[in-house]
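Coordinate analysis (summary)
Spelled out from the first residue to the last, the chains are:
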Amino acid sequence: DCNAVLKALQPIFQEQGMTETVHNWEDHGYLATYIKKNGSFANLRIHPHGLVLVDLQSYNDHTKGREEVDQLLNKVEERMKELFHGNIKRVKRLPAILRGGVIDRYWPTADGRLVEYDIDEVVYDEDSPFQNIKILHSKQFGNILILSGDVNLAESDLAYTQAIMGSGKEDYTGKEVLILGGGDGGILYEIVKLKPKMVTMVEISFASNIDQMVIDGCKKYMRKTCGDVLDNLEGECYQVLIEDCIPVLKRYAKEGRMFDYVINDLTAVPISTSPEEDSTWEFLRLILDLSMKVLKQDGKYFTQGNCINLTDALTLYEEQLSRLYCPVEFSKETVCVPSYMELY
């Protein structure tokens, strides 16, 4: 009985001195709005099939304000239980969404779920010519690199770096390695420890959404991830090129330069299901083909996939592997990347 629910809950809001407006849609229930003089308001939506929604919005930057909201919601819940004599199937109270603050704590997962991070500080926030670069501090995950709204890597995410290097099963000693992307420096830092012959990292100007400003931010604020390898663009066994990787790959192929390992850390498998029409898919296919041309016959190519829930996108990527100019064998591994809050 929508009318009975409305009449039972009205006094709670009226006691708060809130101005009431009620909309009745006959067979579609009620919408009541309650507005307080301080600008806070509540929407009470009563559906005839039994769903009752209460949304409260207020500007509270102090503990007392939050306590008032909790008290009001407690009264609503108690009154509903009295009205239905405890015969309520489910009560669910969601945490408050905090909007308009200096720190944005809400970031989407790859499969479209909204995650609230325990972010307490904006460490770095700059716009490069290609993207917005943020480094935010999380109590759980340390500093997190976020590029144009996409969570890239946190200091907690060594599992990602280890997986894209072969999960400890590869011997990089004396090997030639090419890293595409990897602007956070994590892959370079870990491989240099393994005594390779030479690591070339191509930090592209636009294709990977990585640029010099990413390197500058990471070498200052992501040192748990990159150590000191980004302090200089050249080291004893590595070099970092700030160039577009496509011309570089074409040049290496023409010169006959070959690598034992190519590690592609450019961009995740896109979620689009139209690979023939999506420019990101076209880019991935081009990178794959060019990478095969600079990979030794017995070489290995490592790359990231995407969230395990995006089964269609991952299957499409596997289909692309059968279209390369040369036959390849592939395997895959699922890992938990802490700051992604999803299996990858």
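Predicted model, so just to flag it, every value in this text is computed and none were measured.

1. Notes on the overall build of the protein
Within the protein, the regular secondary structure consists of nine helices and 18 strands. Its C-alpha radius of gyration of 27 Å places the protein more than 25% over the 20 Å reference for a compact globule of 344 residues. Projected onto its principal axes, the C-alpha coordinates of the protein cover approximately 80 × 40 × 35 Å. By residue count, 42% of the 344 residues in the protein fall in the buried class. Residue pairs in contact within the protein that sit at least 24 positions apart in sequence constitute 55% of those at least 6 positions apart. One way to put it: in the protein the 37 positive side-chain charges average out to a point 3 Å from where the 54 negative ones average out.

2. So, the sheet that holds strand β8 (residues 132-138)
Two strands in a sheet stick together by hydrogen bonds in their backbones, pointing the same way (parallel) or opposite ways (antiparallel). Across the sheet, four strands lie side by side as β7-β8-β9-β10; this open sheet has antiparallel pairing. Where the open sheet ends on each side, the last strands, each with one partner, are β7 (119-127) and β10 (150-154). When the angles between neighbouring strand axes are averaged without regard to direction, this sheet yields 25°. Pairing analysis gives six bridges linking β8 to strand β9 (residues 142-147), with the strands arranged antiparallel. Looking across to β9, one finds that Ile 133 is bridged to Leu 147. Contacting β7, β8 and β9, helix α5 (residues 212-221) runs over the sheet at an angle of about 145° to β7.

3. So, α5
Count 3.6 residues to each turn of an α-helix, and residues three or four apart come out pointing the same way. Listing the buried residues of α5 in full gives Val 214, Ile 215, Gly 217 and Cys 218. Down the axis of α5, the buried side of the element spans an arc of 165°, and every buried residue falls inside it. On its buried side, α5 packs onto β7, β8, β9, α6 (223-226) and β14 (238-241).

4. Focus: the pairing of strand β3 (residues 41-46)
Burial of β3 is one-sided: the residues Ala 42, Leu 44 and Ile 46 facing one way are buried, the residues Phe 41, Asn 43 and Arg 45 facing the other way are not. Linking strand β2 (residues 30-35) back to β3 in an antiparallel pair, the connection comprises five residues, with Gly 39 at a positive phi of about 95°. The pairing of β3 with strand β4 (residues 52-57) spans six bridges and is antiparallel. Opposite Arg 45, over in β4, you have Leu 53 as the bridge partner. What sits between the antiparallel neighbours β3 and β4 is a turn of five residues, in which Gly 50 has the positive phi angle 115°.

5. What about the layout of surface pockets?
Roughly 1,300 Å³ of internal volume is contained in the second largest pocket. For the lining of the second largest pocket, the elements supplying multiple residues, two or more each, are α3 (158-164), α8 (279-293), β16 (295-303) and α9 (311-321). Here the lining of the second largest pocket gets eight residues from one element, more than from any other, and that element is β16. Among the residues making up the lining of the second largest pocket, the classes are represented as 21 nonpolar, 12 polar and eight charged.

6. Thoughts on the environment of Leu 194
Inspection of the secondary structure assignment puts Leu 194 in the loop between α4 (186-192) and β12 (198-202). Residues Leu 194 and Ser 167, 27 residues apart in the sequence, show an inter-C-alpha distance of 13 Å. Not counting residues within four places of it along the chain, the set of residues in contact with Leu 194 comprises Met 165, Tyr 172 and Thr 173.

7. Topic: the UniProt feature "active site" (unreviewed entry) in the protein
As recorded in UniProt, the feature "active site" (unreviewed entry) lies at Asp 265. Relative to the helices and strands, Asp 265 is located in strand β15 (residues 259-265). Not counting chain neighbours up to four residues away, the residues in contact with Asp 265 comprise Tyr 160, Ile 164, Leu 180, Gly 181, Gly 182, Asp 184, Ile 187 and Gln 304. Side chain to side chain, Asp 265 and Tyr 160 meet in a polar contact 2.3 Å long.

8. A look at the side chain of Glu 176
Note on placement: Glu 176 falls in strand β11 (residues 176-181). The exposure class assigned to Glu 176 is buried, which follows from its relative accessible area of 16%. Leave out the neighbours within four places in its chain, and Glu 176 touches Lys 197, Met 198, Arg 257, Met 258, Phe 259, Asp 260 and Tyr 261.

9. A look at the nonpolar core
In this structure, Ile 191 and Ile 263 are the most contacted members of the largest nonpolar core, which totals 43 residues. Broken down by element, the residue count for this core peaks at four residues, all from β9. When residues no more than four places from it in sequence are discounted, the contact partners of Ile 191 are Met 165, Tyr 172, Val 177, Ile 179, Pro 196, Val 199 and Ile 263. Of all hydrophobic cores here, the second largest spans 30 residues; its members include Leu 180, Tyr 252, Ala 313 and Leu 316.

10. What to know about the sheet that holds β3
Taking strand neighbours across the sheet as the criterion, the four strands line up as β1-β2-β3-β4 in an open arrangement whose pairing is antiparallel. Lying at the two open borders of the sheet, with one neighbouring strand each, are β1 (19-24) and β4. On average, each strand axis in the sheet is inclined to that of its neighbour by 10°, with strand direction left out of account. Of the pairings in the sheet, the one linking β1 to β2 comprises six bridges and is antiparallel in character. Bridging from a neighbouring strand, Glu 20 pairs with Tyr 34 of β2.

Definitions and limits used
Residues numbered from 1 in each chain as written. Predicted model: local features only at pLDDT ≥ 70, side-chain atom pairs only at ≥ 80, totals over all residues. Heavy atoms only, no water. Helix = DSSP H or I, 4+ residues; strand = E, 2+ residues; numbered from the N terminus. Rg over C-alpha atoms; globule rule 2.2 N^0.38 Å. Buried < 20%, exposed > 50% of the residue type's maximum accessible area, 1.4 Å probe, protein only. Contact = heavy atoms within 4.5 Å. Lys, Arg positive; Asp, Glu negative; His and termini not counted. Charge placed at Lys NZ, Arg CZ, Asp CG, Glu CD. Pairing = 2+ DSSP bridges. Axes fitted to C-alpha atoms, helices over the stretch in contact; angles between N-to-C directions. Arc of directions from axis to C-beta. 1 Å grid on protein atoms, 1.4 Å probe; cavity = no way out; pocket = protein on both sides within 12 Å on 5 of 7 lines; lining within 4 Å. Points joined across faces, edges and corners; volume = space filled by probe spheres on them. Nonpolar A, V, L, I, M, F, W, Y, C, P; charged D, E, K, R; others polar. UniProt positions renumbered as here; feature names shortened; annotations may be inferred. Polar contact = N/O pair within 3.5 Å; in protein donor to acceptor, adjacent residues only side chain to side chain. Core = buried A, V, L, I, M, F, W, Y, C linked by side-chain atoms within 4.5 Å.

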